[in-house]
Amino acid sequence: MMLVSFLFLPVLAAILLLFIKNNKTAQWTAIFFSGLTLLVALQMLYTPMIDFNITWLPNLNTRFILHADGLSKILILLNAISFPAIFMATANNDYKNRNVFLSLLLFTQAGLMGVFLAGDALLFYFFWELALIPVYFLCSIWGGEKRVAVTFKFFIYTFLGSLLMLAGILFLNAHTGDHSFLISSFIHANLTGGQQVTAFALFFMAFAIKMPLFPLHTWQPDAYEQSPTAVTMVLSAVMVKMGLYGVIRWLMPLFPVAFMAHTHVVVILSVIGILYASFIAIRQDDIKRLIAYSSIAHIGLMNAALFTHTQIAIQGALIQLFSHGINVLGLWIVADMIEQQTGTRSMQQMGGLAKKQPTLAILLVGFALANIALPLTNSFAGEFLMFTGLFQFNPWMAACAGVSVVLAAIYTLNMVQKVAYGAISEKINTMHSPNKGAQAVLIILLIIVFVTGVYPQPLFSLTADTLQELFVK
Amino acid sequence: MNAIIVSTLLGVIMMFCSWGIKSQQVQKNIALIGLFILIIANLAQSSGWYVVDYDTKGMLTYSIFGLYANTLLFALTFIYVWINGEEIAKINNTSADFYSLFFFILCGISVLTSFDNLLMLFLGIEILSIPLYILTGADKKNMFSNEAALKYFLMGSFSTGILLLGITFIYGATGSFHLTAPVVSISTGFAQEQILLSTGLILLFAAMNFKVSAAPFHFWTPDVYDGAPTVFTSFMATIAKAAGFIAFINVFNTQYKALGYSWTLLLTFVILSTLLVGNIIAVFQRSVKRMLAYSSIAQAGFMLFALYGKSEISNESILLYAVVYSIATIGIFAVLVKMKENSFEAFNGLGKAHPLLAFATTVFLFSLAGIPLTGGFFAKYYMLSALLKAGAGLWLVLVAVVFAAISIYYYFKIIQAMYFTAGVPAINPLPNQYKYQLLTLAILLLVLGVFPNLLLNYLYF
Amino acid sequence: MPIQYYIYFCLALFSIGVVGVLTRRNAIIVFMCIELMLNAVNLLLVAFSKMYNGLAVQNGVANTAGIDAQIFVFFIMVVAAAEVSIGLAIIVMMYRNTHSIDINFLNRLKN
Amino acid sequence: MNIVEILFYALSVFAIVCAIMVLISKNPIHSVLWLILVFFAISGHYILLNAQFLAIVNIIVYAGAIMVLFLFVIMLINVKKDSEPQKQLFVKLIGVIAGGSFLTLSISLVKQAMPLVGKTVPLKEGTIGLIHPLGKALFNDYVVPFEISSVLFLSAMVGAVLIGKK
Amino acid sequence: MGIMKILVGFIILWPLAGFLFNGLGRNYWSKKVIAYKATGYIFASFIASIFAFIQVQNHGAVTVRYFDFINTDTVKIPFDFKVDALSSLFLLVITGVGSLIHLYSTAYMKEEAAPHYARYFSYLNLFIFSMLILVLGDNYVVMFIGWEGVGLCSYLLIGYWFTNGNYNYAAKKAFIMNRIGDLGFLLAIFWLIVKLGSVNYNEVLTATSLTKLSSTDISGITLLLFVGAMGKSAQIPLFTWLPDAMAGPTPVSALIHAATMVTAGIYMITRSNILFSHSELTQNVIAIIGISTALLAATIAIKQNDIKKVLAYSTVSQLGYMFLGLGVGAYSGAVFHVITHAFFKALLFLGAGSVIHAMHHEQDIRKMGGLKSKLPITHITFLIGCIAIAGVPPFSGFFSKDEILAAAFAKSPIYWVLGVLGAAMTAFYMFRLYTTTFLGKFRGSSDQENHLHESPLAMTLPLILLAIASALAGAIGIPEMMGGHHWLSHNLIPIVGKPIELGLSHSLEWTLMAVSVSIALLALLLAISMYKKKTDEEPTTTLGKFFYHKWHIDELYNEVIVEPLNRFAGFLKNVIEKQIIDGAVNGTGKLVQYSARKVRLVQNGQVGYYILFMVAGIILLFMIWFNDISILLFFNKLTKN
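Here the residue numbering is sequential within each chain, running from 1 through the sequence in written order. Here every chain gets a letter starting at A, and every ligand a number starting at 1, in the order they are written. Per-residue local features of the predicted model are confined to residues with pLDDT of at least 70, and side-chain atom pairs are confined, for both listing and counting, to 80 or more; whole-chain, interface and lining totals are unaffected and use all residues. For the side-chain quantities, the full set of heavy atoms in the structure was used; hydrogens and water were omitted.

## Side note on unusual backbone geometry
Stated precisely, the cut-off is as follows: A helix here means a DSSP run of H or I that spans at least four residues, while a strand means a run of E at least two residues long, and both kinds are numbered starting from the N terminus. Classification of residues uses two cut-offs on accessible area relative to the type maximum, computed with a 1.4 Å probe and protein chains only: under 20% is buried, over 50% is exposed, and between them is partly exposed.
Following F214 of chain A, the chain continues into P215 of chain A via a peptide bond in cis, with omega recorded as 0°. Examined against the element boundaries, P215 of chain A turns out to sit in the loop between α8 (193-210) and α9 (219-226). Across the junction of I236 of chain E and P237 of chain E, the peptide omega takes the value 5°, indicating a cis bond. Inspection of the secondary structure assignment puts P237 of chain E in the loop between α9 (215-232) and α10 (241-244). A positive phi angle, close to 55°, is found at A373 of chain A, a residue other than glycine. Tracing the backbone through its elements, the reader meets A373 of chain A in the loop between α15 (358-371) and α16 (378-393). Classification of A373 of chain A by relative accessible area gives buried; the value is 7%. Despite not being glycine, H99 of chain C shows a phi value in the positive range, around 55°. With respect to the element layout, H99 of chain C can be found in the segment after α3 (67-98). For H99 of chain C, a relative accessible area of 58% gives the class exposed.

## As for the interface of chain C and chain D
A common way to state how big an interface is: give the accessible area lost once the parts meet. This is how the line gets drawn: In what follows, a contact means two residues having at least one pair of non-hydrogen atoms within 4.5 Å. A quick way to say it: buried area is the sum, across both parts, of accessible area lost when two parts are put together, with a 1.4 Å probe. Salt bridges are identified by distance alone: a Lys or Arg side-chain nitrogen within 4 Å of an Asp or Glu carboxyl oxygen. What qualifies as a polar contact is a pair of N or O atoms within 3.5 Å, subject to a donor-acceptor requirement within protein and to the restriction that residues adjacent in sequence count only when both atoms come from side chains. Gly counts as polar in this scheme, as do all residues outside two lists: the nonpolar Ala, Val, Leu, Ile, Met, Phe, Trp, Tyr, Cys and Pro, and the charged Asp, Glu, Lys and Arg.
Counting residues at the interface gives 74 residues for chain C, matched by 83 residues for chain D. With both sides pooled, the region where chain C packs onto chain D buries about 7,000 Å², and carbon together with sulfur makes up 78% of that total. Considering only the side of chain C, the residues that lose the most area to chain D are M1, M32 and K50 of chain C, jointly responsible for 11% of the buried surface there. Seen at the junction of chain C and chain D, the total is 0 salt bridges. For the pair chain C and chain D, the interface holds 8 residue pairs in polar contact (both at pLDDT 80 or more). At the level of secondary structure, the elements contributing two or more residues to the side of chain C that touches chain D comprise α1 (3-23), α2 (27-59) and α3 of chain C. At 23 residues, the largest contribution of residues to the side of chain C that touches chain D is made by α3 of chain C. Of the residues belonging to the side of chain C that touches chain D, the class tally is 51 nonpolar, 16 polar and 7 charged.

## Some words on the pairing of strand β1 (residues 62-71) of chain E
All names here are of chain E. To be explicit about the condition: A strand pair is defined by DSSP finding two or more bridges across the two strands.
Alignment of β1 against strand β2 (residues 76-83), held across 8 bridges, turns out to be antiparallel. Across the sheet, the residue bridging to V64 is F81, located in β2. Hairpin geometry of β1 and β2 is characterised by an intervening segment of 4 residues between the two adjacent antiparallel strands.

## Let's talk about the confidence of the model for chain B
Our working definition: Values of pLDDT, the confidence the predictor places in each residue, fall between 0 and 100.
Predicted confidence across chain B gives a mean pLDDT of 87, with 96% of residues reaching 70 or more. When mean pLDDT is taken per element in chain B, helix α5 (residues 118-136) of chain B scores highest with 92 and helix α18 (residues 453-456) of chain B scores lowest with 84.

## Focus: the packing of aromatic side chains
Rule in force here: Think of it this way: a Phe, Tyr or Trp ring, Trp meaning its six-membered ring, pairs with another when their centres are within 6.5 Å, and the plane angle makes it stacked under 30 degrees, edge-to-face over 60, tilted otherwise. Working rule: Lys NZ or Arg CZ, within 6 Å of ring centre, within 35 degrees of ring normal, means a charge sits over the ring.
The final tally for this structure, using the stated rule, is 123 aromatic pairs over all chains. For the pair F124 of chain A and F207 of chain A, a centre-to-centre distance of 6.5 Å together with 70° between the ring planes defines the contact as edge-to-face. In this pair, F124 of chain A sits in helix α5 (residues 121-142) while F207 of chain A sits in helix α8, placing the two residues 83 residues apart along the sequence. We note that F124 of chain A, like F207 of chain A, is buried. Seen from the ring of F344 of chain B, K413 of chain B lies directly overhead, with NZ or CZ sitting 4.7 Å from the centre. The ring of F21 of chain E carries K37 of chain E above its face, with NZ or CZ at 4.8 Å from the centroid.

Shown next, in the form of structure tokens:
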């Protein structure tokens, strides 16, 4: 039943919020419920989870199954942490109809939870879309000036991807023995090699667009730039993980043959993407776009790691799912605070933050360091393992991807330099004392960054069972 | 049989109502009660209670599927009248006449869901079509309405000619009008043994495609839907069309074998061109009404998938699709009816001005686009699933999926206008009750979006 | 008389009807051509009816074989009559509004 | 070649010529008249086929009622002879080509149809076209469609009234 | 074990505590508290290091484990620390020199406001902490943690005055160059994990593990490790960051150049000497790069006028020597030079700092001169430093440099010749610096002259202590030939093995020594005589300009690497991304719209056309029916291909 509460709590809160017109009350309701979800999530870490399993549509042979293993848990934890953090951090932002805004966000959270929990393909697809639709509205209503066109592109792009996945699900369903949608029966579907490749391609398209993988990424920087930052945070901290989650949960066990046949193609593509995004990030002046491209690079690395199909790299990717979420969340919150107060995203116009707002600058530097996977920050362990696996897979790939370590340093430090250092610019000078709640969130996130950076072992143990599942069998 | 008799009687009653009863509201209520009675009568037949237990000599045959389709279409008509009653009255002072036409159409529909003889098919189609020609031209002073009616009439008659020639050839080949499957060996198309039968079937196929507005026989659809009074477009695009599909399936579920391998090819050709034409042209429309006309062509392309399958799932899927599509279309047309103009700009700012209405519209559009959590998703899902289970190639599914993605483009233009564009919506004042009616429809779609079973389970009682 | 001859003849009439529909601009004449098509079909049906009747008689099965086609023709006539009444009503209504029955002018609705 | 066959050919040629005349006459009234002649020819065919009932009905309904209705309307709206502008030549050409290809296509199909080979249509024989068997069939086997066609008329009636009303 | 666990804990945690204390409380403490705590913590760490050192001397090497950093089925990386002869020696140097620099800084940074003062010290403490992790780690990953840590700290400290754009640039440059090296290091670690499944020293650096590695593996791994060392220890081609690192406060330069950071590369290679000894290729590469760096940097140092720049290039040059030593297998010699260099380079930098402090942040030596009398302590100590680095016996630099040169000679006389040349240049530029700064007449403004003063005790005390160390540190490695015992190389036997027999006769060694010393002395005297009266003006000769402009290497990098990459990135951003990839996406949308515009024209409103299309459609259906076989075959072919 605990698993249902992950869906139930956000939805309940979302519905409640529709009737709360007062901004402050709405804000606190959202924080309260998401905090409650977080508590449940924390509790979950230490409790063995029982699957939630009821019939849903008997004549389609689809069931409502929620199942949580280490992979699900780590992502649920990330999801549960992200939302209260986002609510706190954006509490002072000026969103009209705040209650609707928050409500839609909570619907997204429920969708995401569902994606990470679903044990049935159709259910998975359902939640996959449910997570997307509120985002469409959030971005289109509360976004930047080009929001409608950009969001539309984003929506149609990802929707096409998920439709392809639906075709794949249908295809698999037609080939299962019992015509059901359970993962287990999908795994045992009798597919020929060619059929596996087809279904693999269909699923992978959806995941690749969601991640996004080069060259299917062009929706992302625009969407990140134009979305309200609270949504961008959701998108980049949690939502992109859907694609990676899909790869681990669905692609790997379902299509072992096709998966192994395509490792090289995908890894090469990912590595190209990593370098490509990194190079572009170097030339970005818009802080949100910079973070967006940086995110593409990082996700590319995770994807490459997954496709090496080495245990070590996948272990790294599993914990990196969490760590990347935390880091990027921190970066966005800082970027948002700056944008909210200065009204600009151009780094050319920033500078001197360290003098004007030392605390914020320190936090920025902290997350920037985590972004470049400095040892003892949380990203290090994950990236280290991923690179090791990549090296094991193919040393040249690792070397090429490794260049991104340098490039990441270049663009991240560029950002830090332009934003934090130098003389106080006109725009930065307009900043007043920062939002205490946001700062508190940032500090907590930074503590998570360093604690999991120094002692990542709990994350490893959490995800051990997923790894077992993937490799022991 | 019950449905045919009762609907005829009700039609006659309504006809006389326009004489004695002047209040539009009362007329509407009578129509609603009539529809209710009709539904009850039909259900009664499902459970074995007849008004007249008459041997139809093989003209009609009653299946659970046909009766259930009747029920659903009657229920849809009920919803349609319930929502659009006031608008119908605005077209003409004698809305009872229209109601009587509706009842006659329902009679035609009842024939089409249960015919077992090509003669009955012909009659059914005509009973369905003739009132539709009239409804199209109901707005007598409106040139568009006139033009649409004439176009519809001419092309409809022409297609009747084609239909008859097809039936004639079938008769010439088999010596019978019955719908028993022809005794033929599955072969490639050009078997000289059955050329005549195949020719007839292809002509019949073309004529049926015309009725369900599948390309390349769709040309009447945009103009007629555009020109007809919006309330009636709503009826034509939903209930009448769904009946056409059920008739289509009835014919070809038994007869397609005569076409051998060609059947798949012909169907694929028609489906692809329908999807292409419907989706592509809809993209560039400036009028919402016309866009919906093209979108209904596109949706027809989806519904044609049901012809691939010969199994129960294709029956399920056509029913679900028809109902969901009809609800959504009735809903969106009901909104459109209240707009002062048909352009997309008219919807600007609707989300702010009428949040409930905008929400309902969004659900309708989502459903049409096939987005999960609305019934449209499962409708499309069942179709594609039926397609795959019938052994069609995956590539066809992929093409369908790509077109579904394109369809997002034009459906979401309305959503964009409603929520993301500031402005004052060009909408007539509408009573609260109307909003709640539409909201009910939206909720219905949402419920079907999670539990499509609610609709389909009855097929197995 | 071989059945083919009837078929050729009827198809010729039918095709003339089609050509008429395609080439004429007067709505009434177009409509008349459609009637011509229906008549061709009628004749063909009757021919088939007689053909099957003749076969049945030869085989000595039943002497009412083929009667269904003639009944069908009857219904076609019935329907045609109904259709004509509606069609002409529409044409007249059209004429009242536009003072033209040229179908080439029916192009306000397009694209 | 007996008289019946001669009649068949004569009626056929006559019908086709009249049908073509329907197409090419400029004056709508002439078209109507030509069409009536076609109907008569077809009725002649019916008689040849010994389908007397249909022959009569054809003349009554088509030639008598329907064509008169057409004439009525044409006169009512007073379409002048030259008021109908001609379609462009190439449109006509395309129309003829389309119709012609439809004809050749279907004829070639019929030619190849094996089951039809050797089948003949008995002329002047058979009783099924007489009123008695037709009536029996109509009110036994075909009573359902017969009744249902009344709905058609009802709706046509309502429709005509609806549309015809000012 | 137990006591060592506590000791190591102390050693590491004190600096960390200092970092947290000053970092978090930067707004709350007074400068005095900050200074005391920061220096005190490092000093405490130093005391603990001494105990650890003694412990190692008495009981041998110890490994301490606190917790597992990464512990999965495939790879185990514990957070282990190893205290052995090598690391304990480095501990002493780091914490010892470190605490002196802290002490010095308390006075040097006095002018900073309290929060920044705290920030400075917290960075400094973190620097020490990272370096300690680096040397204490028992596996390459822990070493890497410290390795990156010092990179970060150097970044923070070089950019300490963050409002200055150039300083930030220098800081960034340092970090990125280091990162390039780190990448090499990382790849080497991956290689080790993939081949050996472990990165622990006691599993990697053993004979058994060597058998598991092919010669390609060893060469590859060692070369990659060397790339790491290149970055950290500023070797060609990754050396340009180090001179730029002068942007930081002077004590920071001292810390970077002497006790921490740049010595990391030498430490790492020494630590992994077993691997390196097995790759002839790598050793040659190291030696060649080492000596080239030594010479290159020396030539540049000759022409620099900024007091810190000269010292910086001298560091690069000395590091080159150390790498030469590593390349020729004289590991203990390299370590020896690290230690002596730590002392005298710290001394020189702090001395320079003292000068700068006195000159009010004037760094151009042409504006100094005659400071001998004004800054007596600084002068003496600086002189000692210069003598030590010039390799004049019996100062420490002589012994360490000589050991390397002797080993180089054994490998190849060319190395030796070049090495001596470098040594001569070292003597020359150091005394050019000394002479121009301290001798002659004061050339600065009168305002500066009036304010010239000797630095406070907190600054002079470290100078004095370091001067003593610079003078005497040679004692730990007096070669046996001179009757010494060479305590250091004996001490390092567990790590680097017995020193290789050079096979040189004593007389030859004496001769070599004499030659090198005399050449150095000649250069020294030449420098004094040349610069006693005049200063260097802008160089006029081509070669002079070339050296003055640092061989145009920065410009070269800029032209050959930075700019093309920048342009490439711009190309990706503006052309590939915007026009090709996004263009394809948007193009698809446009295509749909375009075809919509065109296709809808078919719907032209004419009934005639519509019916015509219908007839055509019927004919088309017939066509499909006729050709169904060929269409099917066509499709089958399509799907098969």
